[in-house]
Amino acid sequence: MGKITLSVIKADIGGLVGHSASHPDIVATAVAALEKAKKAGLLVDFHVFTCGDDLELVMTHNHGTDADKIHKLAWDTFVAGTEVAKKLHLYGAGQDLLADAFSGNVKGMGPGVAEMTFEERKSEPVIVFAGDKCAPGAWNLPLYKMFADPFNTAGLVIDPSMHDGFKFEVLDIHRSRMIEFSCPEELYDMLVFVGSPDHFLIRAVHRKNNGDIAAVSSTQKLALIAGRYVGKDDPVCIVRCQSGLPAVGEALEPFAFPHTVSGWMRGSHMGPLMPVSLKEATPTRFDGPPRVVAVGFQVADGGLASWRDMFDDPSYDQARKTACQIGDYLRRHGPFEPHRLPFAEMEYTTMPGVMEKLEPRWKPI
Ligand code: F6R
Ligand code: MG
Ligand code: MG
């Protein structure tokens, strides 16, 4: 045991068909690249999965967060996958690789990143969440519920080691600044901001008593990086569970409520976040509705071999049904808000291009 870093780096490098899923050959290419890195001793272990058109690389290693070598490995893997996508004429080949060349860290280049370093416990249950057709703010509500809401997390009331609460790191993505909130004391202050998930993102959660990392999310917003809509941010999030942290069931419970997130169709619509099994993470209705998958690991000396598909469970059937109902209701709004994103957010889509044409026709009143 000892300190281990868990890095989840993801990108959409091409879709089958359209933006609905990834391709088995892309997964095979990624597995081969990471297997080679594991044999060479760069990785301790890895696991590859997909959510919609996104390729998710889960890697354990001893190089810490923001390590050049690991980010370069992910970048090179995405570049190799893009070659495959191009050959197969997959849709949007290399869409999230915004830079032409790797420059030391994939943050700000397009791929999404969530990483944490921790001392592996005797038993280390960890859940990697991945979303498709949704923005990074999708994690705000569930993280709030997991770590701050006693109606979700019984441990906040019952477990003496959780009773003091947790610390939240919150980003203001439009002004590139961050703030820390200590909860429960500052719950109401924090909600002023995190209740607006297209502006403020919960980046990390720490245990209050020993400062240990409990959760971390990817905070890229491709629209802001690229200046206009390019792909979805389709975020990832890592949550450590049990023994003074939310139980696995407490970490999954927030997703029994398919809350509304932005990112459906053309990154321009709101829709319910539907919790699904890996097999069902293939958004096809109006390119959605947005999906979330949860892959649980019992990390063992950095090994990732013991894993499960956590939403492959009938107890989420009702949430899926509710998501379909909310989806129907919202779809009937067509191009009207609140199905379409608020006007200010549309600034990052292709809509300003349409509006430009009409500019000369506006007359003063
Ligand atoms: C992409 C996505 C899709 C696309 C839509 C239009 O992740 O969610 O809804 O925005 O299919 O795609 P283009 O502009 O590539 O034809
Ligand atoms: Mg795509
Ligand atoms: Mg995607």
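Above this text sits the structure in question.
Rules used in this analysis
- Residues numbered from 1 in each chain as written.
- Chains lettered and ligands numbered in written order.
- Predicted model: local features only at pLDDT ≥ 70, side-chain atom pairs only at ≥ 80, totals over all residues.
- Heavy atoms only, no water.
- Helix = DSSP H or I, 4+ residues; strand = E, 2+ residues; numbered from the N terminus.
- Rg over C-alpha atoms; globule rule 2.2 N^0.38 Å.
- Buried < 20%, exposed > 50% of the residue type's maximum accessible area, 1.4 Å probe, protein only.
- Contact = heavy atoms within 4.5 Å.
- Areas by Shrake-Rupley, 256 points an atom, 1.4 Å probe, with all protein chains shown as cover.
- Lys, Arg positive; Asp, Glu negative; His and termini not counted.
- Charge placed at Lys NZ, Arg CZ, Asp CG, Glu CD.
- Donors = N, O, S within 2.8 Å, 3.2 Å for Na, K, Ca; no water.
- 1 Å grid on protein atoms, 1.4 Å probe; cavity = no way out; pocket = protein on both sides within 12 Å on 5 of 7 lines; lining within 4 Å.
- Points joined across faces, edges and corners; volume = space filled by probe spheres on them.
- Nonpolar A, V, L, I, M, F, W, Y, C, P; charged D, E, K, R; others polar.

J.: Any chance you could break down the overall build of the chain for me, citing the residues and the numbers?
T.: Within the chain, the regular secondary structure consists of 10 helices and 15 strands. Taking 21 Å as the expected radius of gyration for a compact globule of 365 residues, we find that the chain reaches 20 Å, a close match to that expectation. Principal axes of the C-alpha set define a box for the chain whose edges measure 65 × 50 × 40 Å. Buried positions account for 56% of the 365 residues belonging to the chain. A separation of at least 24 residues holds for 69% of the contacts in the chain among residues at least 6 apart in sequence. For the chain, the accessible area works out to roughly 16100 Å², and carbon and sulfur atoms hold 56% of it. The centroid of the 37 positive side-chain charges in the chain is displaced by 4 Å from the centroid of its 46 negative side-chain charges.

J.: Run through the coordination of the magnesium ion (ligand 3), naming residues and quoting values.
T.: Every protein donor of the magnesium ion (ligand 3) is accounted for by D53 (OD), D54 (OD), D132 (OD) and D234 (OD), and the metal-donor separations fall at 2.0 to 2.6 Å. Sequence spacing among the residues donating to the magnesium ion (ligand 3) works out to D-D-x77-D-x101-D. The metal-metal distance between the magnesium ion (ligand 3) and the magnesium ion (ligand 2) is 5.0 Å, with D53 serving as a donor to both. With D132 in strand β5 (residues 124-132) and D234 in the loop between α6 (222-226) and β10 (236-240), this pair connects stretches of sequence that are 102 residues apart. In this structure D132 comes out as buried when scored by relative accessible area, which is 0%.

J.: Please set out the layout of surface pockets residue by residue, giving values where relevant.
T.: In this structure, the largest pocket occupies an estimated 510 Å³ of space. Around the largest pocket sit 26 residues that line it, and K107, L171, R203, T219 and Q220 are the ones nearest its centre. For the lining of the largest pocket, the secondary structure elements donating two or more residues are β4 (112-119), β6 (166-172), β8 (200-207), β9 (213-217) and α6. Broken down by element, the residue count for the lining of the largest pocket peaks at five residues, all from β4. In terms of residue class, the lining of the largest pocket is built from 10 nonpolar, eight polar and eight charged. Surrounding the second largest pocket, 20 residues form its lining, G137, G195, S196, P197 and T260 being those nearest its centre. Elements supplying a minimum of two residues to the lining of the second largest pocket: α3 (140-148), α5 (187-194) and β11 (260-263). For the lining of the second largest pocket, a count of residues per class yields 10 nonpolar, eight polar and two charged.

J.: Mind laying out the environment of M265, listing which residues take part and the relevant values?
T.: The topology assignment puts M265 in helix α8 (residues 264-267). Taking the relative accessible area as the measure of exposure, M265 reaches 14% and is therefore buried. Taking the C-alpha atoms as reference points, M265 and P290, separated by 25 residues in sequence, lie 9.0 Å from one another. Ignoring anything within four residues of it in the chain, the contact list for M265 reads F286 and D287.

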